[in-house]
Structures are given as C-alpha cells and as structure tokens.
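Per-entry structural report
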Amino acid sequence: QVQLKESGPGLVQPSQTLSLTCTVSGFSLTSYDVHWVRQPPGKGLEWMGGIWGDGSTAYNSALKSRLSISRDTSKSQVFLKMNSLQTEDTAIYFCTRLDAWGQGASVTVSS
Amino acid sequence: DVVLTQTPVSLLISLGGQASISCRSSQSLVHSNGNTYLHWYLQKPGQSPQLLIYQVSNRFSGIPDRFSGSGSGTDFTLKISRVEPEDLGVYYCLQRTHNPPTFGGGTKLELK
C-alpha cells in the first residue's frame, strides 16, 4: 500500500528555515517521483518542486532561490528545505506522488 | 509557465444532477511523445486531494464511472453525472506535460 507522511515543525519564525520530511512506504524512491505541493489557507494548490527517480530535481521558478528538495533512498525519505520564510508561506504542505498524497503538514509562519 | 484556467469558479448542483467543469490551457498539452498529461483531482473538505482522472480520460483506481474526462490540445472537461453528496468539494486540473507542473485555480462544487 502506497503511503506518504509529512513531518516537521508546525510553527516557524519569520526569516527562518522550514525543514519538512516525507517518509514513504509501499514504493521505491528510485522508481517514482515525489513532489511537494502547498496550499495557503482558503486558497488553491501550488506545485513547489519535485525529485525524480533518477535523483534530478525541478522547482517552481517563484520559489527556486529559497527551496531545496533532496532524499535519502535508504530511509525512504524526501526532504524539503525552504529558507527566508515569510507569513505568506503559511500553508499546508503536502508530499505527493501525484497519484497518492500525504495527509499534509500545517505550517504557520509567525513570531 | 503553463496557465490553466478553470471555469466556473463555483458550481451549484442538485443531488442526482450533472456537473461540467472546464480547464483551458495557455498552450497545447500534447507532449512530444504524443501523450497528454492533464489530470483531475477532487479535494474534499479537510482532506488531501485525490486523483480522479489521469491523462485526460482515464479513471484512477476505484473512481466510479460517474466521473468522465474528455478534451484535447488546450481544452478539457470533467463531467460528473448523478452527483452524490461525497462528490462535493473543490476540483482541480493539473498539467504535467510542461515543466513546471501547474494546477488550475479550482472549481468548488456545492449542493443547490
């Protein structure tokens, strides 16, 4: 059974760095791409970036300068790091294979 | 980046009725390999999105045949027939033909 689960801090201070982990099961990271998608409160979905089975990455151009996605295949984990957080980065952050989604991690940027 | 425009933004439908949602792309979504990577999702209240339709018209595992997708090039449609209470939520289209992937703005399906 394909599963993805996000973990990380629920509260981040402005200007700090967000670190989220996606732990997957039921499939291999070397065979499938995994993406991060976020959703600000009451708004739509925004694709942030992804890491492909061969390890290559792609990013939303609006976030590229602040965002990094990496993985540890031995632990079946995908990592998101985004720096210089602002209040507008408050959102639910989803880890997804695009045919299967995690439950989402709620992140609030506030002092 | 490819812009996907969904219409309408909201839709009021009676139970048992039919809904139709449009997704128009700023450029053709036909990939160089001949496939069209346009997908449809439903996000029910308080839940993660779920895949309904992939590559224009293919129902994902477990999706009832009340859901159907059609279209080509830049114009795509999701139809929901015999609307049931569990169909309510926000529908999104997503294109993966061009990088970066982009979502439509969403269409909220509500009961009349």
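Preceding this paragraph is the structure being described.
Please read all numbers here as calculations on a predicted model, not as lab measurements. (Residues numbered from 1 in each chain as written. Chains lettered and ligands numbered in written order. Predicted model: local features only at pLDDT ≥ 70, side-chain atom pairs only at ≥ 80, totals over all residues. Heavy atoms only, no water.)

This brings us to the pairing of strand β3 (residues 18-25) of chain A. Residues and elements named next belong to chain A. Summarising the sheet, strand β1 (residues 3-7) and β3 pair through five bridges and their orientation is antiparallel. Bridge pairing in β3 links Ser7 to Thr21. With six bridges connecting them, β3 and strand β8 (residues 77-82) associate as antiparallel partners. When the sheet's bridge partners are listed, Thr21 is paired in β8 with Phe79. (Pairing = 2+ DSSP bridges. Helix = DSSP H or I, 4+ residues; strand = E, 2+ residues; numbered from the N terminus.)

Within a sheet, neighbouring strands are paired by backbone hydrogen bonds and run either parallel or antiparallel to one another. Residues and elements named next belong to chain A. With mixed pairing, the six strands of this open sheet are ordered in space as β2-β10-β9-β4-β5-β6. Two strands in the sheet have a free side with no partner beyond their single neighbour: β2 (11-12) and β6 (57-59). Taken together, the three bridges between strand β5 (residues 46-51) and β6 define a ladder with antiparallel strand orientation. Across the sheet, the residue bridging to Gly49 is Tyr59, located in β6.

Turning next to the pattern of salt bridges. Tallied over the entire structure, the rule returns ten salt bridges over all chains. A salt bridge links Asp33 of chain A to Arg96 of chain B, with the shortest nitrogen-to-oxygen separation between them at 2.9 Å. Note that Asp33 of chain A is positioned in the loop between β3 and β4 (34-39) and Arg96 of chain B in the loop between β9 (89-95) and β10 (102-103), a pairing that runs across two chains. Taking relative accessible area as the criterion, Asp33 of chain A reaches 16% and is therefore assigned buried. The exposure class of Arg96 of chain B is partly exposed, given its relative accessible area of 24%. With its nearest N and O atoms 3.8 Å apart, the salt bridge here joins Arg82 of chain B to Asp65 of chain B. Note that Arg82 of chain B is positioned in the loop between β8 (75-80) and β9 and Asp65 of chain B in the loop between β6 (58-59) and β7 (67-72), a separation of 17 residues in sequence. A relative accessible area of 47% places Arg82 of chain B in the partly exposed class. A residue is classified by how much of its surface remains accessible, and Asp65 of chain B, at 55% relative accessible area, is exposed. (Salt bridge = Lys/Arg side-chain N within 4 Å of Asp/Glu carboxyl O. Buried < 20%, exposed > 50% of the residue type's maximum accessible area, 1.4 Å probe, protein only.)

This part is about the interface of chain B and chain A. Taken together, the contacts link 13 residues of chain B with 18 residues of chain A. With both chains or domains summed, chain B and chain A bury close to 1,300 Å², and 61% of this area falls on carbon and sulfur atoms. When the buried surface of chain B facing chain A is broken down by residue, Pro49, Arg96 and Phe103 of chain B rank first, second and third, together holding 37% of it. At the surface where chain B touches chain A, the tally comes to five residue pairs in polar contact (both at pLDDT 80 or more). Those elements that provide at least two residues to the side of chain B that touches chain A are β4 (38-43) and β9 of chain B. (Contact = heavy atoms within 4.5 Å. Buried area = accessible area lost by both parts, 1.4 Å probe. Polar contact = N/O pair within 3.5 Å; in protein donor to acceptor, adjacent residues only side chain to side chain.)

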